[in-house]
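Structural overview
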There are 2 protein chains.
Amino acid sequence: MATIKDVAKEAGVSVATVSRVINRNGYVQEETRKLVEAAISKLNYLPNEVARSLYFQKSKLIGLIIPDITNPFFPEIARGVEDVLQQNGYRLIIGNSDEDAEKEVRYIETFTQHNVLGVISTSSEEVSQWEKLNIPVVLLDRIHHDFPFVCSDQKEGGRLAAQILLDRGSRNITLLRGPKHVRTAYERFFAALEVLGKSQVQFQVLNTSFSFDGALETAGKLFELYPDTDGVIAVNDIVASAVLREALRRGRKIPEEMQIIGFDDIPMSKFLFPALSTIQQPAYEMGKEAAKLLLERIRQADIKKKQIILPVSFVERETTRKAGDGTWQK
Amino acid sequence: MATIKDVAKEAGVSVATVSRVINRNGYVQEETRKLVEAAISKLNYLPNEVARSLYFQKSKLIGLIIPDITNPFFPEIARGVEDVLQQNGYRLIIGNSDEDAEKEVRYIETFTQHNVLGVISTSSEEVSQWEKLNIPVVLLDRIHHDFPFVCSDQKEGGRLAAQILLDRGSRNITLLRGPKHVRTAYERFFAALEVLGKSQVQFQVLNTSFSFDGALETAGKLFELYPDTDGVIAVNDIVASAVLREALRRGRKIPEEMQIIGFDDIPMSKFLFPALSTIQQPAYEMGKEAAKLLLERIRQADIKKKQIILPVSFVERETTRKAGDGTWQK
DNA sequence: TTGAAAGCGTTACCAC
DNA sequence: GTGGTAACGCTTTCAA
């Protein structure tokens, strides 16, 4: 790789001059600039980011920590993040934490060793580590009262899910609840619970993991423990899909005998038959917003703590009945 | 962040000595080493990777270019790559190319600007750019005769898919073919074609894109153009899922009236009902192997060109009939 | 066994 | 307008 010295020699000027034309600052005569530019393109020169990074004490790298890229919710987020970073000339370093605090700490360490400009974390809420770091951090899909974050309106989502099943006639509802340490999942669960609590319907709660295999297992349990369930509120679309599959396998008519509503609206949901009704989180948008927020904070450190809550929406598909069918089995 | 100077001052030695204890090379007396180590942990010192990277002309960063992390095949791959890199102390910079050569070039440029140690590309086969780079490159899920690569046995996969439908009684098969510039998809398509060509069954080809929306569109077309199809070989599981949904929607009995076989075995496939029979590519393994191969090449530049082809396998689920049912509709 | 200093590629300050 | 040079944090060579 050609260095700035090579360019300087080629153009017959000093490195300082070359630096000036690269960065378009300081005075440089039209003529010499042309000389330098010619040398640059002749040598195919690109400035060494590492050297710049050393000088400026900051790089063009942004760290992203996610629990597991293999969970279909996160690629959307990651893509949103990457798209805005890319457009702004930044690059993404990525790490899968598996929700493991220790792994996360190790990522944070190496990220800072690389002079990352900032970090977006969609993993733990163990914020203590972020505080001692003095680089901007944005939480994504996680909530913390004194940190900037981007997430979607979990409470509204939980309420919506419950209300929709109620309105459309479910009278015996099972809530499939995710791991309690995932705060967002907990929030929506609780909001749904509240709505159900105020209603007169029968309901119960079943715990489940987020993983594909765990979801399938949960689905089996559901039908054994609560065979009379006629409405399922699943913690996410993966779990909802597993329930749908199991229901179909057991010959249940969906949505006539049982309504199912998921959360997230991952891409596969509309591929199912019947297609999954769900509460959509704007994952891609969330990624974008988080990246934008981080860039804002990078450019202007004193910006006020911003907490962005994006709206969720009900995507009506085929695992819920038509509105007004509330009377269906009265 | 504490620097090596701070540590040196704290320990009352020179930076050279500190460097020696960090890197465990050169002589350093037991006693001074203890001093230094104390200072290091007191100051919570971590060496600045950027500075090291500048000195060594190489970083601990590996670049990964993928078409689109949002396509469920790639997160598995990315995870495989990341897991082995992580274990070896390397970090991943990632870029989505959207199969766009220009975008890809830009990533390559910035990657090299960051002194990446090597690159794994699962994007274009426009290898010309790689050649002038003098960092190790490994192609993943792509094939090139004079480059190291990792992929799975596309030909065998294509053959298998076709043979299985044939053996299990499909007599009018539609091949759903992906974009022609994706060589792997082309290879498996062609292998399947060859098998069908040698058989006596009726078959036809329909083009499709890889995207979710494109797949749904293709599925619609399939039933309009070739309503008599009783076997579908889809270029990947997304397309297969779309076909399955559309078939179910139209009231077809699967697999009795129509068998469907996919490719990849993405996580959602087992969530469908009926669950999708498919040719599995070991995506996670592929990612791991590619990362290992790259590390090998990094550590030992003169290693011979290695090309790894991982086996595919038939995952029998519920969209194909039982073996021996070949006689089913004779 | 230790320290001083050069050098990795870049930028910015200060002379000229 | 332009060039010399210190500095960014680190490693290694060379001397002591």
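The numbers attached to residues start from 1 for each chain and follow its sequence in the written order. Labels are handed out in written order, letters beginning with A for the chains and numbers beginning with 1 for the ligands. Under the rules for a predicted model, residues below a pLDDT of 70 receive no local features and side-chain atom pairs below 80 are neither given nor counted, while totals for whole chains, interfaces and linings still include all residues. To obtain the side-chain values, all non-hydrogen atoms of the structure were included, while hydrogens and water were left out.

On a plain count of helices and strands, chain A comes out with twelve helices and twelve strands. Our radius of gyration looks at C-alpha atoms and nothing else; its globule reference is 2.2 Å times the residue count to the power 0.38. A compact globule built from 330 residues should have a C-alpha radius of gyration of about 20 Å, whereas chain A, at 26 Å, is more than 25% larger. Considering only C-alpha atoms, chain A reaches an extent of 90 × 40 × 30 Å along its principal axes. Within the span of chain A, comprising 330 residues, buried residues form 59% of the whole. The helix count covers DSSP runs of H or I at least four residues long, the strand count covers runs of E at least two residues long, and both are numbered beginning at the N terminus. Remark: exposure states derive from per-residue accessible area (1.4 Å probe, protein chains only) relative to the maximum for the residue type, with buried under 20%, exposed over 50%, and partly exposed in between.

Attention now goes to helix α2 (residues 15–23) of chain B. All names here are of chain B. Considered for burial, the residues of α2 that qualify are Thr17, Val18 and Val21. Along the long axis of α2, the arc covered by the buried residues comes to 100°, so they all point the same way. In this fold, the buried residues of α2 make contact with α1 (4–11) and α3 (30–43). One or two positions beyond α2, positive phi appears at Arg24, with a value near 45°. Each C-beta atom gives one direction from the helix axis, and the arc is the one those directions make. Any two residues having at least one pair of non-hydrogen atoms within 4.5 Å are treated as being in contact.

Here we come to the relation of the copies chain A and chain B. Under the fitted operation, chain A is carried onto chain B by 0.0 Å of movement along the axis and a turn of 180°, and the coordinates agree to an RMSD of 0.1 Å. Here the two chains are linked by the operation of a two-fold rotation axis. If distances are taken from each C-alpha of chain A to the rotation axis, the shortest is found for Ile93 of chain A, at 2.3 Å. In this assembly the copies share their binding face: 100% of the residues contributing to the interface of chain A also contribute to that of chain B. In this comparison the copies share one frame, found by least squares on the C-alpha atoms of residues holding pLDDT of at least 70 in both.

This next bit is on the environment of Ala185 of chain B. All names here are of chain B. Position of Ala185 among the secondary structure elements: in helix α9 (residues 183–198). Remark: the alpha-carbon pair of Ala185 and Gln204, spanning 19 residues in sequence, is separated by 17 Å. Not counting residues up to four positions away in its chain, the partners in contact with Ala185 are Phe210 and Val235.

Another point: the protein's contact with DNA strand D. Residues are counted as near a molecule or strand when any one of their heavy atoms sits within 4 Å of it. Inspection of the region around DNA strand D gives 28 residues, with Thr17, Arg20 and Gln29 of chain A together with Ile4 and Tyr45 of chain B positioned closest. Close to the protein, within 4 Å, the atoms of DNA strand D are drawn from sugar and phosphate at a rate of 67%. Pairing of N or O atoms within 3.5 Å defines a polar contact, subject to two protein rules: one partner must be a possible hydrogen donor and the other a possible acceptor, and residues neighboring in sequence count only if both atoms are side-chain atoms. In the environment of DNA strand D, a phosphate oxygen lies 2.4 Å from a nitrogen or oxygen atom belonging to the backbone of Ile4 of chain B. Backbone polar atom of Asn48 of chain B to a phosphate oxygen of DNA strand D: 2.8 Å apart, as the coordinates give it. Broken down by secondary-structure element, the contributors of at least two residues to the surface near DNA strand D are α2 (15–23) and α4 (49–56) of chain A together with α1, α2 and α4 (49–56) of chain B. Split by residue class, the surface near DNA strand D holds 14 nonpolar, ten polar and four charged. Basically, the charged four are Asp, Glu, Lys and Arg, the nonpolar ten are Ala, Val, Leu, Ile, Met, Phe, Trp, Tyr, Cys and Pro, and anything else, Gly included, counts as polar.

Take the UniProt feature "domain: HTH lacI-type" (unreviewed entry) in chain A next. What UniProt calls "domain: HTH lacI-type" (unreviewed entry) maps, in this numbering, to residues 2–56 of chain A. Each end of residues 2–56 of chain A is marked by a C-alpha atom, and these two atoms are 21 Å apart; helix forms 71% of the span and strand 0%. UniProt positions are given in the numbering used here, feature names are shortened, and annotations may be inferred rather than shown by experiment.

To continue, consider the pairing of strand β5 (residues 149–152) of chain A. All names here are of chain A. Along β5, one buried face is formed by Phe149 and Cys151 and the opposite face, lined by Val150 and Ser152, is buried too. At least two bridges found by DSSP between two strands are what make those strands a pair. Two elements, strand β4 (residues 137–140) and β5, share two bridges in a ladder whose sense is parallel. The partner of Leu139 across the bridge, within β5, is Phe149. When β5 meets strand β11 (residues 307–310), the two strands line up parallel, connected through four bridges. When the bridges of β11 are listed, Ser152 appears paired with Leu310.

Residue and element names in this part refer to chain A. The sheet built from six strands is open, its strands ordered β7-β6-β8-β9-β10-β12 with mixed pairing. Two strands close off the open sheet at either side, each with one partner strand: β7 (202–207) and β12 (313–315). The average angle at which neighbouring strand axes cross in this sheet is 20°, direction not considered. Sheet analysis places strand β8 (residues 231–234) next to strand β9 (residues 259–264), joined by three bridges and oriented parallel. Bridge pairing in β9 places Val232 opposite Ile260. Geometry is summarised by axes, namely lines fitted to C-alpha atoms with helices restricted to the contacting stretch, and by angles between N-to-C directions that run from 0 to 180 degrees. Across the sheet, helix α8 (residues 154–167) touches β6 (172–177), β8, β9, β10 (277–280) and β12, and the angle it forms with β9 is around 170°.

Once that is clear, we can look at the protein's contact with DNA strand C. Neighbouring DNA strand C are 28 residues; Ile4, Tyr45 and Asn48 of chain A together with Thr17 and Arg20 of chain B lie closest to it. Restricting attention to atoms of DNA strand C within 4 Å of the protein, one finds that 67% of them are sugar or phosphate atoms. At a separation of 2.4 Å, a phosphate oxygen of DNA strand C approaches a polar backbone atom of Ile4 of chain A. At 3.2 Å, a side-chain N or O of Gln57 of chain B approaches a sugar or linking oxygen of DNA strand C. Within the residue set of the surface near DNA strand C, elements represented by two or more residues are α1 (4–11), α2 and α4 of chain A together with α2 and α4 of chain B. Broken down by class, the residue content of the surface near DNA strand C amounts to 14 nonpolar, ten polar and four charged.

Every definition here rests on a 1 Å grid over the protein atoms only: cavities are sets of points where a 1.4 Å probe fits but cannot get out, pockets are open sets enclosed by protein on both sides within 12 Å along at least five of seven lines, and lining residues have some atom within 4 Å of a point. Grid points are joined across faces, edges and corners, and a volume is the space filled by probe spheres set on the points. All chains considered together, the criterion is met by seven cavities of 30 Å³ or more. For the largest cavity, the calculated volume is near 200 Å³. Lining the largest cavity are 18 residues, with Pro72 and Pro267 of chain A together with Thr70, Pro72 and Phe212 of chain B positioned closest to its centre. Counting only elements with at least two residues in the lining of the largest cavity, the list comes to α5 (73–87) of chain A together with α5 (73–87) of chain B. When grouped by side-chain class, the residues that make up the lining of the largest cavity number 13 nonpolar, three polar and two charged.

Moving on to the interface of chain A and chain B. Every contact between the two is made by 56 residues of chain A and, on the other side, 56 residues of chain B. Between chain A and chain B, roughly 5,100 Å² of surface is buried when both sides are summed, and carbon and sulfur atoms account for 62% of that area. We define buried area as the total accessible area lost by two parts upon association, computed with a 1.4 Å probe and summed across both. Interface area lost by chain A to chain B is led by Arg79, Gln113 and Phe271 of chain A, which between them contribute 16%. A carboxyl oxygen of Asp or Glu within 4 Å of a side-chain nitrogen of Lys or Arg is what we treat as a salt bridge. Counting across the interface, chain A meets chain B through six salt bridges. A salt bridge links Arg245 of chain A to Glu318 of chain B; the nearest nitrogen and oxygen atoms lie 3.0 Å apart. Linking chain A to chain B there are 20 residue pairs in polar contact (both at pLDDT 80 or more). When residues of the side of chain A that touches chain B are traced back to their parent elements, those giving at least two are α4, α5, β2 (91–96), α6 (101–113), α10 (212–225) and α11 (237–249) of chain A. With eight residues, α6 of chain A is the single largest residue contributor to the side of chain A that touches chain B. When its residues are assigned to classes, the side of chain A that touches chain B shows 28 nonpolar, twelve polar and 16 charged. Bridge analysis of β2 of chain A against strand β2 (residues 91–96) of chain B gives three bridges, and the strand direction is antiparallel. Its bridge partner lying in β2 of chain B, Ile93 of chain A is registered against Ile93 of chain B.

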